[in-house]
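Chain residues, written in single-letter form:
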Number of protein chains: 4
Amino acid sequence: MARSRLHPDPFTEPRWRRRKDARPSEILDAALGVFVEKGFAAARIEDIAQRAGVTKGTVYLYFPSKQAVFEALIRQAILPRFEAIEAIADAYDGPIAPLFQRLIQEVGQRVAGELAVFPKLIISEAGNFPEIARFYRFEVIARGEALFSRLYAKGVATGELPDIDPRIVTKLTVAPLLLSAIWKTTFSAFDEEALDVAALIQTHAQVLARGLAALAREARP
Amino acid sequence: MARSRLHPDPFTEPRWRRRKDARPSEILDAALGVFVEKGFAAARIEDIAQRAGVTKGTVYLYFPSKQAVFEALIRQAILPRFEAIEAIADAYDGPIAPLFQRLIQEVGQRVAGELAVFPKLIISEAGNFPEIARFYRFEVIARGEALFSRLYAKGVATGELPDIDPRIVTKLTVAPLLLSAIWKTTFSAFDEEALDVAALIQTHAQVLARGLAALAREARP
Amino acid sequence: MARSRLHPDPFTEPRWRRRKDARPSEILDAALGVFVEKGFAAARIEDIAQRAGVTKGTVYLYFPSKQAVFEALIRQAILPRFEAIEAIADAYDGPIAPLFQRLIQEVGQRVAGELAVFPKLIISEAGNFPEIARFYRFEVIARGEALFSRLYAKGVATGELPDIDPRIVTKLTVAPLLLSAIWKTTFSAFDEEALDVAALIQTHAQVLARGLAALAREARP
Amino acid sequence: MARSRLHPDPFTEPRWRRRKDARPSEILDAALGVFVEKGFAAARIEDIAQRAGVTKGTVYLYFPSKQAVFEALIRQAILPRFEAIEAIADAYDGPIAPLFQRLIQEVGQRVAGELAVFPKLIISEAGNFPEIARFYRFEVIARGEALFSRLYAKGVATGELPDIDPRIVTKLTVAPLLLSAIWKTTFSAFDEEALDVAALIQTHAQVLARGLAALAREARP
DNA sequence: TATGAATGAGCGTTCATTCAT
DNA sequence: GATGAATGAACGCTCATTCAT
């Protein structure tokens, strides 16, 4: 059986290995956990270091400041996943309604899952990090809205969807996903029975689809 | 002999004496502002004191610690406003749909207005103040869900509304309000044109009503 | 007999007295000692605080940073004494030679005495504090040169003194005083027999006077 | 089989191999620059290494600590140059006055030139490095004083020079050179017009010679 | 009741030093 | 011999909290 990395033998294990390439992301992983648990201000670099299995000084080998760790974390975590969603949407060609359903499920699963902590972080720290708020506002939200608006416009053109300000529809679409993410990071510890996110999202998708369709129908002569 | 404190002359008594009793809530008002702007950790007692027009020491006359200020703030701010909503709902007797519309508008206005800062605070600090998260979870959210469920059940009984888990419907109903609140505290600084919360909420109410009604209809034979 | 301040009774002595007015100069006094002994970089705020009989935090009540302590120290210590010299010189009216003698003695005593540490500080830290070097260069040296040049010009006019660039004569006049100051702060610890500064300065005054007089005489036809 | 290190081919051997022996003095050269610019405490080993074209670890191959670098620097830099002066003086045989003139010029040029940084370093760091202060006091200054005293005594014997404590005359002689050195390292950055060191030294030599001669004359019956 | 001077624990950051490679 | 990743002690600075006035 292979020796577990979890229990290195202190006698044969070298004090460190040349792992420059792996360090930054190890540190960011650790930082994510600490920032989520405590928020930026209450997070101690020493906590992050410890969780990454290094000492304080090592963190500063790779990031010039605590704030830089935070910013790197946000950038690195959000953008790649975002691109995955864009790829799906842009590759699609067909009626709009099913794509909406699929995107809501797809994004919802992520936002209420691995990505759930980011809304919390952004909301918590936007005040202290306008730079991050701006980044998120324009690089993530605006981009998401633009993507959504492109698709939505197709549905409006075919009469499937009502002609409503797409920024509003985007927000209505996203709101339950955001709520799910917040619930998970903030209140799920107190739930006897875990929130059934999948059901919530599915119901959301159904209600939203029917509601929009009804409005579209009403608008027709 | 000095004038007795027991019979203050209302004409010579300086105005500020009345403020003695008001001090705690003045401090909490000031604290709200500071906590919202900076978050709990970055808020300095001195900032709060200054904004309340007193000195640091005075804050400690009324609250034993910074954390106590925060907790008092959350408790006193939410519950009274909450009761106002409950009064409206419980006094109501009639078809459910219009009440929903009205409640969404009513709550929405507040949540996206004066109360907008509380979700931000709760979300930000829940990790560091489990006690506050628990309080909010059970004293505010659970109570709101219960109120909503009572009303919703009436609508299900009359066939107006589909028989869906009311906890999910509550969340779907509240989600856009929450998003509006978060938007205002987190991103509105970057908006060229302010988010039209009223339009968002009205659209939400329309879509939700039609979506639920459609589901209710589908469920009928 | 009055209670000595040097041995306060720990049981009756309050933790602190309201001595806001005295604190800054107490701290600067302490800082002077520490900066002189260790230089700016090696001086610890905690050392300064301890020597002033307070704690670290108290230093920061009165000065926003270590650098600010240093700058205040330099400004506060140099300028008042400088003005005393100017007063003597400007009040004087008579032949130049005796005034020179007197000024050299007067300034020499101070520079090799209570002020001896300042040249050392300025020289040591000028590189790291251009602001202080500039201040000293223009507020102290330039002013001293101007004072000296005014007097010197009178002697040139009467033929007592040779017509040499006054900036050079100033430096020649000051140089042994500077050397005395540096000797005291840098090497006197190793002297078996202390440097006789008074003799050095007196000899300097004599040699300089005769040397300048000789040059003046040579320049006359 | 790998080529033996014992018989390196002079044609293929890369040039840089020769530098192995030069490393320590390359490091000291680099260290001189950094120490002068920043002072001992603010100088970083990494700066020194970088300026020497090596990495931090390499510095520690040749010197056991930062302090050792500093001490080696001071020792190796002063003594060799000092010996050059001694050689000139001891080889001289003739009237004293012209030799003084020449020595003042000679030493002055160096002290205000390449060696100007050393007084600054010694003065700055004497407090933190008593060992260096002592070394400089006894190996450099005392030796210089002895040399000067030997020459001076000859002048006293011939009646050219007055019978003054030679330690004092030495200091009077050196003081303007010291001042020039300090000026260059400390204030020249603020000069619009550079200090004319040559003129200063020449004037110094003239004034000093005439002043001493006058005193010698006065002492004669 | 109110003040604000003083405290001291705590954290971000730096950098001399070590040592596996 | 040379590297540079890692360490950890040290120090500047902040700020919640205390308490003499």
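Structure: above.
Here the structure is a predicted model, which means the values were calculated and not measured.

Reading the values: the criteria
Residues numbered from 1 in each chain as written. Chains lettered and ligands numbered in written order. Predicted model: local features only at pLDDT ≥ 70, side-chain atom pairs only at ≥ 80, totals over all residues. Heavy atoms only, no water. Least-squares fit on C-alpha atoms with pLDDT ≥ 70 in both. Contact = heavy atoms within 4.5 Å. Near = heavy atom within 4 Å. Polar contact = N/O pair within 3.5 Å; in protein donor to acceptor, adjacent residues only side chain to side chain. Helix = DSSP H or I, 4+ residues; strand = E, 2+ residues; numbered from the N terminus. Buried area = accessible area lost by both parts, 1.4 Å probe. Salt bridge = Lys/Arg side-chain N within 4 Å of Asp/Glu carboxyl O. Patch = residues over 30% accessible without salt bridge, like charges linked within 9 Å, V, L, I, M, F, W, Y side chains within 5 Å. Areas by Shrake-Rupley, 256 points an atom, 1.4 Å probe, with all protein chains shown as cover. Lys, Arg positive; Asp, Glu negative; His and termini not counted. Charge placed at Lys NZ, Arg CZ, Asp CG, Glu CD. Buried < 20%, exposed > 50% of the residue type's maximum accessible area, 1.4 Å probe, protein only.

A. Main features of the relation of the copies chain A and chain B. In screw terms, the move from chain A to chain B is a rotation of 179 degrees and a rise of 0.0 Å along the axis, fitting with an RMSD of 0.3 Å. Seen this way, the second copy is the image of the first under a two-fold rotation axis. Residue A:Gly211 of chain A places its C-alpha closer to the rotation axis than any other residue of that unit, at 1.9 Å. Both copies present the same face, since 98% of the interface residues in chain A are matched by interface residues at the equivalent positions in chain B.

B. Up close: the protein's contact with DNA strand F. Inspection of the region around DNA strand F gives 37 residues, with A:Thr58, A:Tyr62, C:Lys56, D:Thr58 and D:Tyr62 positioned closest. At the protein interface, 73% of the atoms of DNA strand F within 4 Å belong to sugar or phosphate. The side chain of D:Lys56 places a nitrogen or oxygen atom 3.3 Å from a base nitrogen of DNA strand F. Of all the elements in the fold, those that place two or more residues in the surface near DNA strand F are α3 (56-62) of chain A, α3 (56-62) of chain B, α3 (56-62) of chain C together with α3 (56-62) of chain D.

C. Structural detail: the relation of the copies chain C and chain D. The two copies are related by a screw operation: chain C maps onto chain D through 179 degrees of rotation and 0.1 Å of translation along the axis, at an RMSD of 0.3 Å. Interface residue correspondence from chain C to chain D reaches 100%, placing this contact among same-surface, isologous pairings.

D. Quick peek at the interface of chain C and chain D. Of the residues lining the interface, 49 residues belong to chain C; the matching set on chain D comes to 49 residues. Approximately 4200 Å² of surface area, both sides summed, lies buried where chain C meets chain D, with 76% of it carried by carbon and sulfur atoms. The tally of links from chain C across to chain D stands at six salt bridges. Across the pair C:Arg137 and D:Asp191 runs a salt bridge whose closest N-O atoms are separated by 3.2 Å. Joining chain C to chain D, the criterion identifies six residue pairs in polar contact (both at pLDDT 80 or more). Sorting the residues of the side of chain C that touches chain D by element identifies α1 (23-42), α6 (117-125), α7 (130-158), α8 (166-186) and α9 (197-219) of chain C as the ones contributing at least two each.

E. Just a positive patch on the surface, in detail. On the surface, A:Arg217, A:Arg220, B:Arg217 and B:Arg220 cluster together into a positively charged patch. Its place among the elements puts B:Arg217 in helix α9 (residues 197-219). A relative accessible area of 49% places B:Arg217 in the partly exposed class.

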